[in-house]
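# Structural features, examined
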Amino acid sequence: MTSSSRTQVGIVGAGPAGLLLSHLLALRGIDSVVVENRSRAYCEARQRAGLLEAGTVELLRAVGLGDRMDAEGLEHGGIYLQFAGERHHLNFRDLTGGRWVTIYAQTEIVKDLIQARLAAGARLEFEVSGTEVIELDSDRPVLRFTDAAGTRHEITCDAIAGCDGFHGICRESMPPGLVRVAERGYPYSWLGILATVPPSTDELIYSRHEDGFALHTMRTLQVSRLYLQVPTDEDLTLWSDDRIWGELRHRLGVPGWELKDGPITEKAISPMRSFVASPMRYRRLFLAGDAAHIVPPTGAKGLNLAIADVTALAAALTSLLTQADPGPAVAYSDTCLGRVWRATHFSWWMTSMLHVDPHQDLFGAELQLSQLRYVVGSRAAATTLAENYTGYFPLRW
Ligand code: FAD
Ligand code: DHB
């Protein structure tokens, strides 16, 4: 038996994009249903991003999601760039007229959002299966899924948001031939760890080393997060905890500085890719976040882009559904893609400047070093990095 119901916006995916969209729509009086194929516990524990642009922080505050972030997040006014055995500081506040970034983990944003949605009585369906989006040629698209108890549902919507990540079903449901994909693979991956040890640095360290890139970031003042460049097809079992700490010390070390180690609680390898699908809309099906685009993590743009997309989408759906004005919905894809391509360029640039390509020759290595020297030596070049890193386009809500 199939249960039929209705909502204004059907949302596929309870990652940061889907959950925040549901929250923003509710603030405008628009009803939504979120379906997610994983469990709530899984969504709340999945280790991913941790760095928020100033505009993302301001948006979360403006929509009532800032309390725990303001209490527990760590504001950083710059980063360290390290190469050729030297560590240099870039002061973002000075370079950008006061902009900053905040460390607050994606896991915590997802927990805050789920709690806020459930407290508001929203319909969130975890552990669904067989998600489908159909009737996409009409003004009443339909979201179908089977709930955790095994009941099949069919929800008639005014619009559907595909916030279902890179491996979701919404992008693939768009008509064949409509979507154009621009992509780039990278010949390396990241091995990321979470460790129960206070960070050995006050701000993030991005290190270009001849044996590969390393990044020291953090989650709290008690928990460190660190990354190492590894080969694309690397086997995680080759990396004992001792080997990881040894390699981090080697790539991050400078005279007079010590990396503290501690118990590793999580270890994973992630591939790196740039991918942009356009357009991000077909009639009343809208893609947002990783469902439409992926950036390599260097520069920390993935989560910030997902939040920017749904901020634009919430405004577009408000115009469409409450003022019968389709203008912002029609412009949605172009509105998002300007920011997406800027972040795609910045992430590609940071990645290419800081990683060692396995086929790199002396020419490539010298170009990277020259670029890094220029960034730390020229105020204009440092400002370019700083304004992209802290967030170049304001978010409008
Ligand atoms: P997601 O978080 O992927 O959420 C999509 C949701 O849709 C998931 O919960 C998924 O289970 C659900 N879903 C998928 N298919 C279906 C279906 N058929 N039916 C129902 N639900 C479905 N960014 C950074 O800025 N810094 C980082 O360090 C960083 N690290 C990352 C590490 C990894 C391993 C990955 C994969 C990404 C990382 N990112 C990082 C990127 C960042 O986490 C993403 O950009 C962000 O999660 C995007 O949010 P989203 O809501 O668009 O997608
Ligand atoms: C983090 C990840 C990044 O890719 C980055 O550039 C900065 C921070 C993080 O996980 O905290």
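The text that follows walks through the structure, step by step, so that each part is easy to find.

What counts and how
Residues numbered from 1 in each chain as written. Chains lettered and ligands numbered in written order. Predicted model: local features only at pLDDT ≥ 70, side-chain atom pairs only at ≥ 80, totals over all residues. Heavy atoms only, no water. Near = heavy atom within 4 Å. Polar contact = N/O pair within 3.5 Å; in protein donor to acceptor, adjacent residues only side chain to side chain. Areas by Shrake-Rupley, 256 points an atom, 1.4 Å probe, with all protein chains shown as cover. Nonpolar A, V, L, I, M, F, W, Y, C, P; charged D, E, K, R; others polar. Helix = DSSP H or I, 4+ residues; strand = E, 2+ residues; numbered from the N terminus. Expected span 1.5 Å × (residues − 1). Bend = angle between axes of the 7 residues up to and from the residue.

### Here we look at the site of ligand 2
Neighbouring ligand 2 are the residues Gly50, Leu51, Trp190, Leu204, Tyr206, Leu215, Thr217, Arg219, Tyr227, Pro297, Gly299 and Ala300. Measuring from an oxygen atom of ligand 2, one finds a side-chain N or O atom of arginine 219 at 2.7 Å. In this structure, an oxygen atom belonging to ligand 2 sits 2.8 Å away from a side-chain N or O atom of tyrosine 227. Contact with the protein chains removes 97% of the 290 Å² of surface that ligand 2 exposes when unbound. Partitioned by chemical class, the residues of the shell around ligand 2 number eight nonpolar, three polar and one charged.

### Remarks on the site of ligand 1
Of all residues adjacent to ligand 1, which total 28 residues, the nearest are Glu36, Arg46, Arg48, Gln106 and Asp290. Here an oxygen atom of ligand 1 and a side-chain polar atom of arginine 48 are 2.8 Å apart. In this structure, threonine 131 approaches ligand 1 through a side-chain N or O atom, which is 2.9 Å from a nitrogen atom. Going through the elements one at a time, α1 (16-27) and α8 (302-322) are the ones with two or more residues in the shell around ligand 1. Of all the elements, α8 adds the most residues to the shell around ligand 1, at three residues.

### Description of helix α9 (residues 327-354)
In this model, α9 (28 residues) spans 41 Å end to end at C-alpha, consistent with the 40 Å of a helix rising 1.5 Å per residue. At serine 333, α9 shows its maximal kink, close to 35°.

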